[in-house]
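What follows is each chain in one-letter form.
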Amino acid sequence: MIIAIDGPAASGKGTLARKLAARFGLPHLDTGLLYRATARALLDADQPLDNAAAAVAAARGLALTEFEEQRLRGREMGEAASVVAAIPAVRETLVEAQRRFARRIGGAVLDGRDIGTVICPEADAKIFVTASPQMRAQRRALELARSGEDVSFNEVLADILRRDERDSSRAVAPLRAAPDAALLDTTALDIAGAFTAALALVEAAR
Ligand code: C5P
């Protein structure tokens, strides 16, 4: 069973993907980490984020890069990731590894922006997770505060809106719900409520 979870920044898709993976005993790939790691490698090498050749080389080298998740999670890296994610050759470089992960025996859960549309159009269950920008900013600000990044609500909201706009308007694999995806709005739901709803959608799609 392949479960595809897409949605904008801080919609709750990562949490839901993790919990679904645990529930069904499936491996989980947070595909945003691939773009974040690519951006990190470029910044570490003092390369501009829009250098397509260097970005492709960084994406190809990911398997060799040490994956230090805490260096990828911060606010800046989300923004940098969305810049490199708009480079078509970078996306092309990362497609195959994501598809290989999805095709593991028994299935997998992948979350990102283009899983249901581009990476796994054949997924058994597709959920597009949304929430109001205000609620997403509130959640993200809390998360950042917990990890020691003190950012105001307004700054986080501006980040989120800018990232949504860049991710939705790029030419290749823009942020978009697949026509056959179920929509899940988590604005008024807590984690338990969102998980119950997501589980019901997956069960219905199996
Ligand atoms: O999900 P996360 O916030 O970690 O993603 C960081 C950025 O990576 C996104 O804003 C988006 O530009 C890019 N991304 C993407 N396609 C995916 C996953 C992430 O373009 N499947």
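Residues numbered from 1 in each chain as written. Predicted model: local features only at pLDDT ≥ 70, side-chain atom pairs only at ≥ 80, totals over all residues. Heavy atoms only, no water.

- Taking an unreviewed UniProt entry as the reference, the chain is identified by name as Cytidylate kinase belonging to Lichenifustis flavocetrariae.
- Quoted straight from UniProt, the Sequence similarities (unreviewed entry) entry for the chain says "Belongs to the cytidylate kinase family. Type 1 subfamily."
- Here the chain is described in UniProt, under the heading Subcellular location (unreviewed entry), as follows: "Cytoplasm". (UniProt positions renumbered as here; feature names shortened; annotations may be inferred.)

### Some words on the site of the ligand
At step 1: Taken together, 15 residues are adjacent to the ligand, and Arg36, Arg91, Arg113, Arg163 and Asp167 come closest.
At step 2: Between an oxygen atom of the ligand and a side-chain N or O atom of Lys13, the distance comes to 3.5 Å.
At step 3: The separation between an oxygen atom of the ligand and a polar side-chain atom of Arg36 is 2.6 Å.
At step 4: Looking at the shell around the ligand, the elements with two or more residues in it are α2 (32-44), α5 (75-84) and α9 (153-169).
At step 5: In terms of residue count, α2 provides more of the shell around the ligand than any other element does, 3 residues in total.
At step 6: Within the shell around the ligand, the residues separate by chemical class into 3 nonpolar, 4 polar and 8 charged. (Near = heavy atom within 4 Å. Polar contact = N/O pair within 3.5 Å; in protein donor to acceptor, adjacent residues only side chain to side chain. Helix = DSSP H or I, 4+ residues; strand = E, 2+ residues; numbered from the N terminus. Nonpolar A, V, L, I, M, F, W, Y, C, P; charged D, E, K, R; others polar.)

### Description of the packing of aromatic side chains
At step 1: All told, the structure shown has 0 aromatic pairs when counted by the stated rule.
At step 2: The ring of Phe195 carries Lys19 above its face, with NZ or CZ at 5.1 Å from the centroid.
At step 3: The side chain of Arg104 reaches across the aromatic face of Phe101, ending 4.5 Å from its centre. (Phe/Tyr/Trp six-rings, centres within 6.5 Å; stacked < 30°, edge-to-face > 60°. Lys NZ or Arg CZ within 6 Å of the ring centre and 35° of its normal.)

### A closer look at the packing of helix α3 (residues 52-60) against helix α6 (residues 88-102)
Angle between the axes and distance between the axes are the two parameters that describe a pair of packed helices.
At step 1: As a packed pair, α3 and α6 sit with axes 9 Å apart at the nearest point and diverge in direction by 15°. Judged by the inter-axis angle, α3 sits roughly parallel to α6. As for how α3 packs across α6, the hand of that crossing is right-handed. Residues Ala55, Val56, Ala59 and Arg60 of α3 touch α6, and the partners they reach there are Ala89, Val90, Thr93 and Leu94.
At step 2: Across the contact of α3 with α6, the residue classes tally to 6 nonpolar, 1 polar and 1 charged. (Axes fitted to C-alpha atoms, helices over the stretch in contact; angles between N-to-C directions. Parallel < 35°, antiparallel > 145°, perpendicular 65-115°, else oblique. Left-handed = near helix turned anticlockwise from the far one by under 90°. Contact = heavy atoms within 4.5 Å.)

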